[in-house]
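The chain contents come next:
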Amino acid sequence: MSFTYTLWFGFFGLLIGHLPGAITGAIIGFVFDNLRHSQRKQATPEAGGFVGPLFALLGAVAKSDGRVSEAEIAVAERMMARMGLDAVQRQQAIASFNAGKQPEFDVTPTIDELRRWAGLRRDHAFPVLDVVIDTVLAEGNPPPEKMAILRQLAFALRISDMELMALMAMKGYAWNAGGARGRGGQSYGGGGYVPPQRNTQGPDPYTVLGIERSADDRAVKRAYRKLISEHHPDRLGDLPETMRRQAEARASEINAAYERIKAERGFK
């Protein structure tokens, strides 16, 4: 627990009211420090608390188009291995994945679980989305059913379509959300769905940074600083090492995009 407020309030209290003021200020500062500590503790997700709902959602995504492919199963198995799940956690993950494949499975409560687990931690929302995107893209250009679940999850985690486009760009896919979206993420219909397409030219740097090409240099720098802060692996706490490596990969893509734009525009 940090005592920043305790020290500062105590110091100002000393300047204003000598020793009695310092004591009073320190007490007030301690209250603020304690409140901040409690808020941070509540905002930090429990390690491993995402395993069940995450793999259930992966099963639902895989089955959403009517069949579960070997590529989609491979994504789930790869994640189990990379996350270093013990025997009990692995059985939980398999059972959850199989539950998600059932025709009557409702993704909404599971997405709500993931939303509650991540809380206000956007840096914990991105690793969850990263894994789901891998499943969505496992067979290439995904059908609308898979994208609908992904967008519903992104909406629940307070991730915008622009940010989702950026995450997919980092994986080599170009996608334009287009159109309006209702609550829950569904916006498909009328034959207007265009799936994400593999970008043979490499990730568009502006899409990776979540900005338009018309953005000025200041906006580019601001977007870069915001993204690199959100995706920095040091913010992930005690999440599995595989998720830290994914965060490192995202940070690397963000740095590469920023360097490309700087080179194009000629600023430092």
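Conventions we followed
- For every chain, the first residue of its written sequence is number 1, and the numbers climb from 1 along that sequence.
- Whole-chain, interface and lining totals are the exception, using all residues; otherwise, since this is a predicted model, local features are given only for residues with pLDDT of at least 70 and side-chain atom pairs are given and counted only at 80 or more.
- Neither water nor hydrogens contribute to the side-chain values; these are computed over all heavy atoms in the structure.
- Numbered from the N terminus, helices here are DSSP runs of H or I no shorter than four residues, and strands are runs of E no shorter than two.
- A simple rule labels every residue: compare its accessible area, found with a 1.4 Å probe on the protein chains alone, to the largest value its type can have, and call it buried under 20%, exposed over 50%, or partly exposed in between.
- Polar contact criterion, stated in full: a pair of N or O atoms within 3.5 Å, where within protein one must be able to donate a hydrogen and the other to accept it, and residues adjacent in sequence count only if both atoms are side-chain atoms.
- We call two residues in contact when some of their heavy atoms are within 4.5 Å.
- For the purposes of this section, nonpolar cores are sets of buried Ala, Val, Leu, Ile, Met, Phe, Trp, Tyr and Cys residues that join through side-chain atoms within 4.5 Å.
- Lines fitted to C-alpha atoms define the axes, with helix axes restricted to the stretch in contact, and inter-axis angles between N-to-C directions lie between 0 and 180 degrees.
- Note: crossing handedness is left-handed where the near helix turns anticlockwise from the far helix by less than a right angle, and right-handed where it turns clockwise.
- All amino acids are sorted into three groups, where Ala, Val, Leu, Ile, Met, Phe, Trp, Tyr, Cys and Pro are nonpolar, Asp, Glu, Lys and Arg are charged, and the leftover types, Gly among them, are polar.

> I would appreciate a short explanation of the side chain of Lys146 in the present structure.
Tracing the chain through its elements places Lys146 in helix H7 (residues 144–156). Overall, the relative accessible area of 1% leaves Lys146 in the buried class. A polar contact of 2.9 Å, which involves the side chain of Lys146, links it to the side chain of Asp65. Residue contacts for Lys146: discarding those within four places in its chain leaves Val61, Ala62, Ser64, Asp65, Glu72, Val136 and Glu139.

> Would you explain the nonpolar core in this entry?
Formed by 65 residues in total, the largest nonpolar core has its most connected members in Phe55, Leu57, Leu129, Val132, Leu150, Leu153 and Leu209. Apart from residues lying up to four places away in sequence, Phe55 is in contact with Ala76, Met79, Met80, Met83, Leu85, Ala93, Ser96 and Phe97.

> Looking at this model, I keep getting lost on the packing of helix H2 (residues 51–63) against helix H5 (residues 107–118). Mind explaining?
A pair of packed helices is characterised by two quantities: the angle between their axes and the separation of those axes. For the pair H2 and H5, interaxial distance at closest approach is 9 Å and the crossing angle is 145°. Taken as a pair, H2 and H5 cross one another with a handedness that is left-handed. Residues Pro53, Leu54, Ala56, Leu57 and Ala60 of H2 pack against Val107, Thr110, Ile111, Glu113 and Leu114 of H5. Taken together, the residues of the contact of H2 with H5 sort by class into eight nonpolar, one polar and one charged.

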